[in-house]
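# Structural features, examined
Residue strings, one per chain:
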Number of protein chains: 2
Amino acid sequence: MNIGEAAKASGVSAKMIRYYEQAGLIPQAARRDTGYRYYGDNDVHRLRFIRRARDLGFTVEQIGDLLSLWNDRSRASADVKALALGHVEALRAKVAEIQGMIATLETLAASCHGDDRPDCPIIAGLEEGIGSPLPRPAPRRFGKAGVPAS
Amino acid sequence: MNIGEAAKASGVSAKMIRYYEQAGLIPQAARRDTGYRYYGDNDVHRLRFIRRARDLGFTVEQIGDLLSLWNDRSRASADVKALALGHVEALRAKVAEIQGMIATLETLAASCHGDDRPDCPIIAGLEEGIGSPLPRPAPRRFGKAGVPAS
DNA sequence: TCTTGACCTTACCATCGTGGTAAGCCCCAC
DNA sequence: GTGGGGCTTACCACGATGGTAAGGTCAAGA
């Protein structure tokens, strides 16, 4: 099948299929005489795997590792589990970070009467520094690759 | 003071100060004869405000709105509160999304014995589709601008 | 006075995953 | 044979941030 059909069958856009190929996540697709890529069921299977891993928040790089593990029929399941649990830890850290933001915002919002009057503790909180004067530059351990945007 | 001092005083890197200026978040800085930008205490105050808003996960665009509200001494506190609570909603959605990922991963990991043997339900889950066959393209309502990377 | 090093300037490039666009070729159905 | 849709590559864009390079400036010390 052509790339469009593979896209429909796998849930990965044609655009992203080309990107994954270029990124080395999937092998170079076979080509027809015209230059069109063509795909078989195996390829779609692999793409679906990738799609699901993305839905679970793995980065493209991590998916590369997962694919290696998938293809290595003799690897220990412990290796896979370690990768998965490591990712869970990263996700949890992200959640904690966001929940900290939520808590601060809710505290501020709770003390804001939210009516016609102009004075507002939310603005004041941003001005003055909420709890600590400057929460310090944030370790940013999960920057960029932490969790995909969507 | 020069940009470096303003950066230290505000917790915003010189790089980002220039970026915020270019993005219209802060007005064009005054310049010395040499072309050096210089800043006063007001500017640092504004930068600190921005810094804290970023720490709370507001996007640069939203911070623009916040700054407008800050500068508009006659706006209703309700306007600020609405912005803040809207953001809280977006953050909560993000948390829910990530927690869904965590739940799935933990379910998979729990059923993986995690020893030397190669068979692994985590890989199988990615292959077969975890719960629903294809979780469907994800509404992606909070893409890009949802929550900053770090 | 000259030098040195720290600071400033602008203009680029990279990240990460995704979407868009444009120019041009290909294929199938009518 | 023609039209519309699919395919190709090669670009640009996003958002927020960091990096680098090439060049101007400033202040302190020799």
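Rules and cut-offs
- Residues numbered from 1 in each chain as written.
- Chains lettered and ligands numbered in written order.
- Predicted model: local features only at pLDDT ≥ 70, side-chain atom pairs only at ≥ 80, totals over all residues.
- Heavy atoms only, no water.
- Contact = heavy atoms within 4.5 Å.
- Buried area = accessible area lost by both parts, 1.4 Å probe.
- Salt bridge = Lys/Arg side-chain N within 4 Å of Asp/Glu carboxyl O.
- Polar contact = N/O pair within 3.5 Å; in protein donor to acceptor, adjacent residues only side chain to side chain.
- Helix = DSSP H or I, 4+ residues; strand = E, 2+ residues; numbered from the N terminus.
- Axes fitted to C-alpha atoms, helices over the stretch in contact; angles between N-to-C directions.
- Parallel < 35°, antiparallel > 145°, perpendicular 65-115°, else oblique.
- Left-handed = near helix turned anticlockwise from the far one by under 90°.
- Nonpolar A, V, L, I, M, F, W, Y, C, P; charged D, E, K, R; others polar.
- Least-squares fit on C-alpha atoms with pLDDT ≥ 70 in both.
- Buried < 20%, exposed > 50% of the residue type's maximum accessible area, 1.4 Å probe, protein only.

## Points about the interface of chain A and chain B
The partner chain B presents 70 residues to the 70 residues of chain A that form the contact. Between chain A and chain B, roughly 5700 Å² of surface is buried when both sides are summed, and carbon and sulfur atoms account for 67% of that area. Applying the counting rule to chain A against chain B returns two salt bridges. Ionic pairing is found between Arg92 of chain A and Glu106 of chain B, a salt bridge with its closest N-O pair at 2.5 Å. At the boundary of chain A with chain B, the tally comes to 24 residue pairs in polar contact (both at pLDDT 80 or more). Secondary-structure elements contributing two or more residues to the side of chain A that touches chain B are helix H3 (41–55), helix H4 (60–71), helix H5 (77–110) and helix H6 (121–128) of chain A.

## Some details on the packing of H3 of chain A against H4 of chain A
Residue and element names in this part refer to chain A. With their axes 10 Å apart at the nearest point, H3 and H4 run at an angle of 135 degrees to one another. It follows that H3 is oblique to H4 by the angle criterion. In the crossing of H3 with H4, the sense of the turn from one axis to the other is right-handed. For the pair H3 and H4, the contacting residues are His45, Arg46, Phe49, Ile50, Ala53 and Arg54 in the first and Val60, Ile63, Leu66, Leu67, Trp70 and Asn71 in the second. A per-class count over the contact of H3 with H4 returns eight nonpolar, two polar and two charged.

## Let's talk about the relation of the copies chain A and chain B
Rotating chain A by 180 degrees and moving it 0.0 Å along the rotation axis overlays it on chain B with an RMSD of 0.0 Å. Taken together, the rotation angle and the small translation identify this as a two-fold axis. Relative to the rotation axis, the C-alpha of Val95 of chain A is the closest in chain A, positioned 2.9 Å from it. The residues that chain A uses at the interface reappear at the interface of chain B in 100% of cases, marking a shared surface.

## Description of the environment of Asp115 of chain B
Structurally, Asp115 of chain B can be placed in the loop between helix H5 (77–110) and helix H6 (121–128). Excluding its chain neighbours within four sequence positions, the residues that come into contact with Asp115 of chain B are Ala76, Ser77 and Ala78 of chain A. Of note is the side chain of Asp115 of chain B, whose polar atom sits 2.6 Å from the side chain of Arg117 of chain B.

## Structural notes on H6 of chain A
Looking only at H6 of chain A, the buried set comprises Ile122, Ile123, Gly125, Leu126 and Glu127 of chain A. Looking at the buried side of H6 of chain A, the elements it contacts are H5 of chain A together with helix H3 (41–55), helix H4 (60–71) and H5 of chain B. Of the residues trailing H6 of chain A, Gly129 of chain A is marked for its positive phi of about 95 degrees.

So yeah, pure geometry; function would need other evidence.
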